[in-house]
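A closer look at the structure
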Amino acid sequence: MQPARAKKPRRPALKKPSNPSLKDPVGVYCRVRPLGRPDQECCIEVIDETTVQIHPPDGYRIFRNGEYRETQYSFKEVFGTLVAQKKLFDVVAKPLVEDLIRGKNGLLFTYGVTGSGKTHTMTGSPGDGGLLPRCLDMIFNSIGPFQAKRFVFKLDDKNGVDVQCEVDALLERQKRDAMPVPKTPSGKRQIDPEIADMINVQDHCKVEEVDEDNVYSVFVSYIEIYNNYIYDLLEEVPFEPIKPKPPQSKILREDQNHNMYVMGCTEVEVKSTEEAFEVFWRGQKKRHIANTQLNRESSRSHSVFIIKLAQAPLDADGDNVLQEKEQIVLSQLSLVDLAGSERTNRTKAEGNRLREAGNINQSLMTLRTCIEVLRENQMYGINKMVPYRDSKLTHLFKNYFDGEGKVRMIVCVNPKAEDYEESLQVMRFAEMTQEVEVTRPVDRPLCGLTPGRRFRNQAFQEELSRKLELRGGPIDGEPEEQSVLEMFLQNFPPLPSCELLDINDDQTLPKLIEVLEKRHKLRQMLSKEFSKAVLDLKAMLQEFDCSVASKENQIKVTLSDKEKTIARQKTEIERLEKKIKTLEYKIEILEKTATIYEEDKRNLQQELESKSQKLQRQASDKRRLEARFQGMVAETTMKWERECERRVAAKQLEMQNKLWVKDEKLKQLKAIVTEPKKEKPERPSRERDREKPVQRSVSPPPVPNAPPVRLRHRRSRSAGERWVDHKPPSNLPTETVMQPHVPHAITVAAASEKALAKCDKYMLTHQELASDGEIETKLIKGDVFKTRGGGQAVQFTDIETLKQESPTGRKRRSSPSKPDPPEDAAESEWTDVETRCSVAVEMRAGSALGPGYEHHAKPKRRKP
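What counts, and where the lines are drawn
- Residues numbered from 1 in each chain as written.
- Predicted model: local features only at pLDDT ≥ 70, side-chain atom pairs only at ≥ 80, totals over all residues.
- Heavy atoms only, no water.
- Helix = DSSP H or I, 4+ residues; strand = E, 2+ residues; numbered from the N terminus.
- Buried < 20%, exposed > 50% of the residue type's maximum accessible area, 1.4 Å probe, protein only.
- Contact = heavy atoms within 4.5 Å.
- Salt bridge = Lys/Arg side-chain N within 4 Å of Asp/Glu carboxyl O.
- pLDDT = per-residue confidence, 0-100.
- Pairing = 2+ DSSP bridges.
- Axes fitted to C-alpha atoms, helices over the stretch in contact; angles between N-to-C directions.
- 1 Å grid on protein atoms, 1.4 Å probe; cavity = no way out; pocket = protein on both sides within 12 Å on 5 of 7 lines; lining within 4 Å.
- Points joined across faces, edges and corners; volume = space filled by probe spheres on them.
- Nonpolar A, V, L, I, M, F, W, Y, C, P; charged D, E, K, R; others polar.
- Polar contact = N/O pair within 3.5 Å; in protein donor to acceptor, adjacent residues only side chain to side chain.
- Patch = residues over 30% accessible without salt bridge, like charges linked within 9 Å, V, L, I, M, F, W, Y side chains within 5 Å.
- Areas by Shrake-Rupley, 256 points an atom, 1.4 Å probe, with all protein chains shown as cover.
- Phe/Tyr/Trp six-rings, centres within 6.5 Å; stacked < 30°, edge-to-face > 60°.
- Expected span 1.5 Å × (residues − 1).
- Parallel < 35°, antiparallel > 145°, perpendicular 65-115°, else oblique.
- Left-handed = near helix turned anticlockwise from the far one by under 90°.

**Remarks on the overall build of the chain**
For the chain, the helix and strand inventory stands at 19 helices and 31 strands. Residues classed as buried in the chain amount to 38% of the 864 residues present. Counted over contacts in the chain with a minimum sequence separation of 6, partners at least 24 positions apart contribute 72%.

**Description of the pattern of salt bridges**
All told, the structure shown has 30 salt bridges when counted by the stated rule. A salt bridge links Arg440 to Asp24, with the shortest nitrogen-to-oxygen separation between them at 2.9 Å. In this pair, Arg440 sits in the loop between strand 24 (437-439) and helix 13 (453-472) while Asp24 sits in strand 2 (residues 23-25), placing the two residues 416 residues apart along the sequence. Taking relative accessible area as the criterion, Arg440 reaches 40% and is therefore assigned partly exposed. The residue Asp99 makes a salt bridge to Lys406 at a minimum N-O spacing of 3.0 Å. You can see Asp99 sitting in helix 2 (residues 85-101) and its partner Lys406 sitting in strand 23 (residues 406-413), a full 307 residues away along the chain.

**Here we look at the confidence of the model for the chain**
Scored by pLDDT, the chain comes out at a mean of 78, with 75% of its residues at no less than 70. Taken as a whole, residues 473-485 scores under 50 in pLDDT and shows ten contacts with residues more than four places along the chain or in a different chain.

**Topic: the sheet that holds strand 4 (residues 44-46)**
Sheet architecture is open: three strands sit in the order 4-5-6, paired in antiparallel fashion. Among the strands making up the open sheet, the edge pair consists of strand 4 and strand 6 (71-74). Looking at each pair of strands side by side, their axes are set apart by 25° on average, direction ignored. In this sheet, strand 6 lies alongside strand 5 (residues 51-54) in antiparallel orientation, the contact comprising four bridges. Counterpart to Ile54 in the pairing with strand 6 is Thr71.

**Things to note about empty space enclosed by the protein**
Counted under the stated rule, the structure contains seven cavities of 30 Å³ or more. Lining the second largest cavity, in full, are Leu107, Phe109, Val336, Leu338, Leu367, Leu393, Thr394, Phe397 and Phe401. Broken down by secondary-structure element, the contributors of at least two residues to the lining of the second largest cavity are strand 8 (106-112) and helix 10 (392-396). Residue classes in the lining of the second largest cavity are distributed as eight nonpolar, one polar and no charged.

**Things to note about the side chain of Ser217**
Inspection of the secondary structure puts Ser217 in strand 13 (residues 214-226). For Ser217, the side chain forms a polar contact with the side chain of Glu269, separated by 3.4 Å. In contact with Ser217, not counting residues within four places along its chain, are Ala148, Phe153, Glu269, Lys271, Lys308, Leu309 and Ala310.

**Comments concerning a nonpolar patch on the surface**
A surface patch of nonpolar side chains, amounting to about 430 Å² of accessible area, comprises Leu666, Leu669, Ile672 and Val673. Along the chain, Leu666 falls in helix 15 (residues 508-674).

**Focus on the pairing of strand 13**
Counting buried positions along strand 13 yields 13 of 13 residues, so the element is predominantly enclosed. The side-chain alternation of strand 13 yields two buried faces, one formed by Asn214, Tyr216, Val218, Val220, Tyr222, Glu224 and Tyr226 and the other by Val215, Ser217, Phe219, Ser221, Ile223 and Ile225. Bridge count between strand 13 and strand 21 (residues 302-313): twelve bridges; the pairing is antiparallel. Bridged to Val220 within strand 21 is Ile307. Pairing geometry for strand 13 and strand 14 (residues 229-232), over four bridges, is antiparallel. Following the sheet pairing, Glu224 is matched in strand 14 by Tyr231. Hairpin remark: strand 13 followed by strand 14, antiparallel, with two residues in the connecting loop; positive phi at Asn227, about 55°.

**Here we look at the packing of aromatic side chains**
The geometry of an aromatic ring pair comes down to the distance between the two centres and the angle between the two planes. This model, assessed by the stated rule, comprises nine aromatic pairs. For the ring pair Tyr222 and Phe305, a centre distance of 5.6 Å and an interplane angle of 75° mean the geometry is edge-to-face. Residue Tyr222 is located in strand 13, and its partner Phe305 is located in strand 21; the two are separated by 83 residues in the primary sequence. The pair Tyr222 / Phe305 is uniform in exposure class, with both members buried. Taken together, a centroid distance of 5.3 Å and an interplanar angle of 45° make the contact between Phe277 and Phe280 tilted. With Phe277 and Phe280 both in helix 7 (residues 273-284), this residue pair falls three residues apart, about one helical turn. The exposure classification of Phe277 matches that of Phe280, with both residues buried. Three or more aromatic residues joined by ring pairs make a cluster, and in this case those are Tyr222, Phe277, Phe280, Trp281 and Phe305.

**Let's talk about the pairing of strand 8**
Burial within strand 8 is extensive, with seven of its seven residues counted as buried. Along strand 8, one buried face is formed by Gly106, Leu108, Thr110 and Gly112 and the opposite face, lined by Leu107, Phe109 and Tyr111, is buried too. Alignment of strand 8 against strand 22 (residues 329-337), held across five bridges, turns out to be parallel. Counterpart to Leu107 in the pairing with strand 22 is Ser334. Where strand 8 and strand 23 come together, seven bridges link them in parallel fashion. Looking at the pairing, Gly112 lines up with Cys412 of strand 23.

**What about helix 9 (residues 352-380)?**
Helical geometry: 3.6 residues make up each α-helical turn, so side chains three or four residues apart lie on a common side. Along its 29 residues, helix 9 runs 42 Å from first to last C-alpha, staying within 8% of the 42 Å computed at 1.5 Å per residue. Just past helix 9, the residue Gly381 takes up positive phi, approximately 70°.

**Notes on the environment of Glu41**
If you trace the backbone, Glu41 turns up in the loop between strand 3 (27-32) and strand 4. Taking relative accessible area as the criterion, Glu41 reaches 32% and is therefore assigned partly exposed. With residues up to four places along the chain from it excluded, the contact list for Glu41 reads Leu35, Pro57, Asp58, Pro415, Lys416 and Ala417.

**Some remarks on helix 4 (residues 131-143)**
In this model helix 4 runs 18 Å from its N-terminal to its C-terminal C-alpha over 13 residues, within 8% of the 18 Å that 1.5 Å per residue would give. Most of helix 4 sits inside the fold, with twelve of its 13 residues counted as buried. Turning to helix 4, its buried residues are Leu131, Leu132, Pro133, Arg134, Cys135, Leu136, Asp137, Met138, Ile139, Phe140, Ser142 and Ile143.

**Quick word on the packing of helix 4 against helix 7**
Axis separation between helix 4 and helix 7 bottoms out at 9 Å; the angle between their running directions is 150°. For the element pair helix 4 / helix 7, the angle class is roughly antiparallel. Remark: the crossing between helix 4 and helix 7 carries right-handed chirality. From helix 4, Leu132, Pro133, Leu136, Asp137 and Phe140 reach across to helix 7, where they touch Thr273, Ala276, Phe277 and Phe280. Here the contact of helix 4 with helix 7 is composed, by residue class, of seven nonpolar, one polar and one charged.

**Examining unusual backbone geometry**
Backbone geometry places Phe151, a non-glycine residue, at a positive phi of 70°. Position of Phe151 among the secondary structure elements: in the loop between helix 4 and strand 11 (153-155). For Phe151, a relative accessible area of 17% corresponds to the buried category. For Asn159, which is not a glycine, the phi torsion comes out positive at approximately 65°. Its location among the elements puts Asn159 in the loop between strand 11 and strand 12 (161-163).

This is the structure:
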């Protein structure tokens, strides 16, 4: 017979439920371990049934410069140090067992630092079993009378299950019994006293509503994840004393329904709690456990105990398993004992222990990362990839977080002060895990067969057995009263010998006749008894038919009521479906509208951003132009102020020169008017002097009565400084005794910037015609200094005058008599200091010349 293969539950299609609101958060519970010693400092306190408070210990506060902050964390429920294992099981694990029997998956794992009581919570201790033995006990208490025989369900190597008929299962059992391999533990054998107290649970807890028309089989497997490798703890390795083989790691595979499973893992079919826990304990002895500074028996690997429950309905007669693979359901409950996170500086781990601690922390960090990404995806509506494949632990259970079952976590904490920082990290991870929501699994569909098939078949078998007992004695066991047929068979006289040895034998025939008569009487009695039994059976059958008819009528009434209820429910479902469709249509319209509004919002935001950027650019351009214009205005203002000052100074100088010219003219006019008329000697012209040098007239000898004139050598007050002696070429040589003499002077005909740069004093020799007709020589002196523009400037500070006069009052001429030059020529030739210096002249207050002179040693521009 071809075996039928079952599928995993809730896998008719790969798509998720259409209603996204059917999600449940991950149930996170907290269990506080008692302190090891009464004098230990405690850093965790239970506030109420859902809240714990963690505070830094005293030493931590001193080390952290006196900082003190108490933090509270909330859980679905908090179990204190005095809470028994039974209460923990009733709250956390019992709903998962109920879902397992109803065909739903579940995941329960313990999380915490090393030494916080995770293994004790999962396994328990002698006399007080943990969650695992209590789950097994509840499963077998619920499905005990409905279990299938061994090998009716047969797991394949692709995470599926096959169902066989009774004959094939019997052949399989005989074949396995004949094999020399070790047999699976039996419930009738002696239990290991080491685990007997753990599984001796007296609660007899079971699921109330179990489908009695199904048959069940339980399969268990036990694996560990050690250094990110998966090992089968139930695998039987042949013993080789010379060269023992190391255990082979297993690999993860994905079945046709995209569920993850361990390929080649040993799965044992068990029929009782004792047998299942003995299989678990056999694998527990192979688990990697080591002694560390923090825990004497520290788990160095993550252990996963998987309970698979296969169930299939009975056929319509309620006698055999239905051979339809669509009706077979395989559910799974995974109990995970995670290794504790630890710090190597506290455990003093070295070598293999250090490598184990690194792999443990890495896998727990990957679990934390996956939880964080799931929370971000659900909170912000993004689709970021969850890194399940970074660790074997998260890769194995990724289906649970994707919506393939209920997930619950027990956070175990040790309240001692030394574990404060580790406990704080555990609390933060637990708080974050509670925000992750897992899709709620859907209920499996009904098989469609009439309920109560098993009990009707059992009632029929019991009734048939009773009838057979009444008819011919019980089939099994000894009867309490002997029937007529049994008495007849026991008292039936044996037939005597029928052989006649003598013709005169008159005893054989009478004895035979007597025996035959007795037999005839007994036959008549048997006939009467049989007729009576037939009549009684007919009556019973009629009575049974009447009861069956009444039960059928009752069942029909019940079925009609159920059909009416189903019709009402169908009507309600149709109404709700219509309502759902209407709401979905409205939701779709609202989503489209929201999408349009979002698009408009994004466009407006982009436009607003572009306008804001444009305004910012315009404002920055405006500020830049304002700064530029302000600089230009300031520069232009300064330039024009300097130009105005220069023009005003030039105008003042020009007006003062004109004023001096007018004063000289007035003086000459006054002299002409006041002096007696006499012939005025003409001043020889320059052309005539060039043609013929004429000796100047010597002044007449002084009057004898007049005192003689003492000639003195007048020396400059600044004889020790460097001078520029500017002597224009138009100057005439004088015959005076006192001549200007400046030592270490640079004599130039025109002022130059090169000469000014080498000296710090400047002297201009200026000649002009006095009112008495004599040549008056003026020595205009000034200081040379550097300007900001890199040029040289002269500020005039003093004037010395050299002049000849007659001691008798008669005017002498320093040169031969010449005709008076024209007025314009005198003005332009004798008073044009600017022309002689070939530099710019500027008025400045404080000079001995009135407003003052400032001589910039910058040559005039030449006309092109």
